[in-house]
Amino acid sequence: MASARAVGLDIGAGGVRAAQVTPGRQGTVLERFGYAPLPPGAVIGGEVVDPAAVTAAVKGMWREHRFSTKHVVLGVANARVLVRPVDVPVMSAAEMARALPFQVADSLPMSVDTSVLDFHATETFTAATGVATQRGLLVAAARDTVLTSVRAVEAAGLRVDSVDLTPFAVLRSIGEARQGRAAAEALVDVGAQVTTVIVHSGGLPRFVRILARGGDDVTDVVSEVMGVDAEDAEELKMDAVLDADSTDEVSRAVAEGAQGLLDELVGSLEYYATTFPDQVVDRVVLCGGGALLSGFREQLSREADLPVHLGDPLEGMSTGKVGMDVVELDRISVGTAAAVGLALGAA
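Residues numbered from 1 in each chain as written. Predicted model: local features only at pLDDT ≥ 70, side-chain atom pairs only at ≥ 80, totals over all residues. Heavy atoms only, no water.

Before going further, it helps to spend a moment on the packing of helix α5 (residues 215-226) against helix α7 (residues 249-275). For the pair α5 and α7, the least separation of the axes is 8 Å and the interaxial angle reads 140 degrees. Overall, the two elements α5 and α7 adopt an arrangement that is oblique. Between α5 and α7 lies a crossing whose hand is right-handed. On the side of α5, the interface is formed by Asp217, Val218, Val221, Val222, Val225 and Met226, while α7 contributes Glu249, Val250, Ala253, Val254, Glu256, Gly257 and Ala258. Along the lines of polarity and charge, the residues of the contact of α5 with α7 split into nine nonpolar, one polar and three charged. (Axes fitted to C-alpha atoms, helices over the stretch in contact; angles between N-to-C directions. Helix = DSSP H or I, 4+ residues; strand = E, 2+ residues; numbered from the N terminus. Parallel < 35°, antiparallel > 145°, perpendicular 65-115°, else oblique. Left-handed = near helix turned anticlockwise from the far one by under 90°. Contact = heavy atoms within 4.5 Å. Nonpolar A, V, L, I, M, F, W, Y, C, P; charged D, E, K, R; others polar.)

Structure (structure tokens):
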């Protein structure tokens, strides 16, 4: 079980982020937030490839930002994480831990012996057979990818209390719990190489999809079209506007690079709509560094035919000795959703 003071730790392709929050009578306080960049290739597609680089970044971040605990909740999201709806008999947590591998073995494309499994219940009902049944989301992750991340963090002198699915953390951080409404809300976290989608209704997750696409896809196209390296392409990308009809070559390259992600996001929403026709998505909320790409929000809104808003994970929070000034924190706040949500799960 996670410590109530555990720090949420998010490991992405561009860097590591950590948040420490404290709940109180006057609301939640962001006590500490830290960020440390990672060298290119240290994390690919959400999987740690260079553990030593991750260890060094985490260790330096803890030293610089002086977190008050070494207990962390670690987020995970990559192409080797599968999330799908399943029904299982109602049972205690201890019984679930023992029985889940047998309950879901036939429904997974991977061996349960090499997977880390979890079940997130969303509702209970009585099946036609008369058996009390839980409906929810099964999470299956390749054990080796999870252990590689855990070991890299623990090599920095920290203790991983628990591992949590990053989309669940995003839901805690920016999801609007609109109780009693049939409409659902889609939360999209756009990272450098991984984008996650979670659809929820009243705070209950209904659908999760992890896409192996992100902001780096756009950077790669800009780099190729303009004949510049990745660093210069990133700067060009962030100064441009996504516009396929623009006379500006960079803007057209940005549009070309983003189209694959836009197609997969719209496809995910369409798949959800056919699977859950009684809970129609009525809005999309974006977060993550990739959400700051100029024109991306507007284009997603046009293609999905839905209102798309930019989420603020720090809305309603007060800040303690957070370790950075207000201007800097506001600039990076859209990318803090995963780390803040992981910390909220512990708190």
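Our focus in this paragraph is the sheet that holds strand β12 (residues 195-201). Strands sit in the order β13-β12-β11-β14-β15 across an open sheet of five strands; the sheet is mixed. Unpaired on one side and paired on the other, β13 (204-211) and β15 (308-310) mark the two borders of the sheet. The sheet shows a mean angle of 20 degrees between the axes of neighbouring strands, taken without regard to direction. Examined bridge by bridge, strand β14 (residues 281-287) and β15 share three bridges and lie parallel to one another. Considered in β15, the bridge of Leu286 is made with Leu310. Relative to the sheet, helix α4 (residues 166-174) contacts β11 (184-190), β12, β13 and β14, its axis offset from that of β11 by approximately 115 degrees. (Pairing = 2+ DSSP bridges.)

Together, Met238, Leu292 and Leu310 line one region of the surface with nonpolar side chains, adding up to about 250 Å² of accessible area. Following the sequence through the fold, Leu310 ends up in strand β15. Leu310 gets classed as partly exposed once you look at its relative accessible area, which sits at 44%. (Patch = residues over 30% accessible without salt bridge, like charges linked within 9 Å, V, L, I, M, F, W, Y side chains within 5 Å. Areas by Shrake-Rupley, 256 points an atom, 1.4 Å probe, with all protein chains shown as cover. Salt bridge = Lys/Arg side-chain N within 4 Å of Asp/Glu carboxyl O. Buried < 20%, exposed > 50% of the residue type's maximum accessible area, 1.4 Å probe, protein only.)

Among the nonpolar cores identified, the biggest contains 83 residues, and Leu9, Ile11, Trp62, Phe296 and Leu300 are the most heavily contacted of them. Per-element tally for this core: the top contributor is α7, with 11 residues. Apart from the residues lying within four places of it in its own chain, the contact partners of Phe296 are Val190, Leu242, Ala258, Leu261, Leu262, Leu265 and Leu286. Core analysis: the next-biggest nonpolar cluster, separate from the first, contains 12 residues, Leu82, Met91, Met96 and Leu108 among them. (Core = buried A, V, L, I, M, F, W, Y, C linked by side-chain atoms within 4.5 Å.)

Spatially, three strands are ordered β7-β9-β8 in an open sheet, and the strand pairing comes out antiparallel. Every interior strand has two partners, whereas the edge strands, β7 (81-89) and β8 (115-126), have only one. Neighbouring strand axes in the sheet, compared pairwise and without regard to direction, differ in orientation by 20 degrees on average. Across nine bridges, β7 lies against strand β9 (residues 132-142) in antiparallel orientation.

Attention now goes to the environment of Val160. Take Val160: it is sitting in strand β10 (residues 159-165). Accessibility expressed as a relative area gives 14% for Val160, which makes it buried. For Val160 and Gly8, which are 152 residues apart along the polypeptide, the C-alpha to C-alpha distance reads 9.9 Å. If we skip the residues at most four places from it in the chain, Val160 touches Val72, Leu74, Val150, Val153 and Glu154.

A few words on helix α8 (residues 296-304). Along α8, the residues that are buried comprise Phe296, Gln299, Leu300 and Ala304. One side of α8 holds all its buried residues, which, seen down the axis, span an arc of 120 degrees. Trailing α8 by a residue or two, Asp305 shows a phi angle of about 55 degrees, which is positive. (Arc of directions from axis to C-beta.)

What follows concerns the pattern of salt bridges. Applying the stated rule across the entire model yields 10 salt bridges. Between Arg135 and Asp87 there is a salt bridge, and its shortest N-O distance comes to 2.9 Å. Of this pair, Arg135 sits in strand β9 while Asp87 sits in strand β7; the two residues are 48 residues apart in sequence, bridging distant segments of the chain. A salt bridge links Arg206 to Glu123, with the nearest nitrogen and oxygen atoms 3.6 Å apart. Taken together, the positions of Arg206 in strand β13 and Glu123 in strand β8 put the pair 83 residues apart, joining distant regions of the chain. Look at Arg206 and you get buried, because its relative accessible area is 15%. Residue class for Glu123 comes out partly exposed when judged on its relative accessible area of 32%. One salt-bridge network, in which partners are shared between bridges, spans Glu47, Arg80 and Asp144.

The values reported here are purely geometric and, on their own, carry no functional implication.
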